[in-house]
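Residues per chain are reported as follows:
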Amino acid sequence: MAERISDAEHAVMEVLWDEAPLSAQDVAERIPPERDWSANTVKTLLGRLLAKNIIGHEEDGRRYLYRPLVARGDYVEGESRRLMDRLFGGKLTPLVAHLAERDALTNEDIAEIEALLKGLKS
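Counting of residues starts from 1 at the beginning of each chain's written sequence and follows it residue by residue. At least 70 in pLDDT is required for a residue's local features to be given in this predicted model, at least 80 for side-chain atom pairs to be given and counted, and no such filter applies to totals for whole chains, interfaces and linings, which use all residues. Computation of side-chain values: all heavy atoms of the structure, hydrogens and water removed.

Trainee: How would you sum up the overall build of the protein chain? Please name residues and give values.
Mentor: Strands here are runs of E lasting at least two residues and helices are runs of H or I lasting at least four, both read from the DSSP assignment and numbered beginning at the N terminus. When you go through the protein chain residue by residue, the secondary structure sums to six helices and three strands. The helix and strand sequence of the protein chain, counted from the amino end, reads α-β-α-α-β-β-α-α-α. Expected size for 122 residues packed as a compact globule is a radius of gyration near 14 Å; at 18 Å, the protein chain overshoots this value by more than 25%. By principal-axis analysis of the C-alpha atoms, the protein chain measures approximately 55 × 30 × 30 Å. Summarising the internal contacts of the protein chain: among those between residues at least 6 apart in sequence, 52% fall at separations of at least 24. Here, Shrake-Rupley sampling with a 1.4 Å probe gives the accessible areas, and only protein chains in the shown set may cover a residue. Working note: accessible area of the protein chain is about 8,500 Å², and carbon and sulfur atoms make up 49% of it. Taking the average place of the 17 positive charges on the side chains of the protein chain and the average place of its 23 negative ones, the gap between the two points comes to 5 Å. Only C-alpha atoms enter the radius of gyration, while the globule expectation follows 2.2 Å times N to the 0.38, with N the number of residues. We call two residues in contact when some of their heavy atoms are within 4.5 Å. For this count, His and the chain ends are skipped, Lys and Arg are scored as positive, and Asp and Glu as negative. Just so you know, the charge point we use is NZ for Lys, CZ for Arg, CG for Asp and CD for Glu.

Laid out in structure tokens, this is it:
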């Protein structure tokens, strides 16, 4: 994915990753209510995502149905890589160390990381 997406665009993508294809009105109805967005705001965001070629659309009578062109997993992978590259020199270990030093890891997090590492070693 060449172009980054804003936090607002990400909220729209989360809706489309959960369920697609959807009309603009359907997307607007599924956006968390605390955002307090109008249908026009959602249509603007859909237009931006179309321009970035991150979503596609098809005609359905007098409306369009929108669907993601980028899989959620691919997006998360790209954003994770950017974060590690930008802040931690492309290395995972300093990221985990940073989280551990800031008490940002729970015992459950540590157990999951240990299980993941054990699985990778096998």
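Trainee: Got a sec to walk through a nonpolar patch on the surface? Specific residues and values, please.
Mentor: A contiguous nonpolar surface patch, about 330 Å² in accessible area, is contributed by Leu116, Leu117 and Leu120. Along the polypeptide, Leu117 turns up in helix 6 (residues 107–121). For Leu117, a relative accessible area of 48% puts it in the partly exposed group. Patch building starts from residues that exceed 30% relative accessible area and form no salt bridge, then joins like charges within 9 Å and nonpolar side chains (Val, Leu, Ile, Met, Phe, Trp, Tyr) within 5 Å. In what follows, salt bridge is the name for a side-chain nitrogen of Lys or Arg lying within 4 Å of a carboxyl oxygen of Asp or Glu. Whether a residue is buried, partly exposed or exposed follows from its accessible area with a 1.4 Å probe, protein chains only, as a fraction of its type maximum: under 20%, in between, or over 50%, in that order.

Trainee: With reference to specific residues and values, describe unusual backbone geometry.
Mentor: Of note, the amide linkage connecting Ala20 to Pro21 takes the cis form, showing an omega dihedral of 0 degrees. Locating Pro21 in the fold gives a position in the loop between helix 1 (7–18) and strand 1 (22–23). We note that Asp36 has phi near 55 degrees; this positive angle belongs to a residue other than glycine. Within the secondary structure, Asp36 is located in the loop between helix 2 (24–30) and helix 3 (39–51). Phi angles above zero are rare outside glycine, and Asn53 is one such case at about 60 degrees. By secondary structure assignment, the location of Asn53 is in the loop between helix 3 and strand 2 (55–60). Look at Asn53 and you get exposed, because its relative accessible area is 55%.

The values are spatial; any link to function lies outside them.
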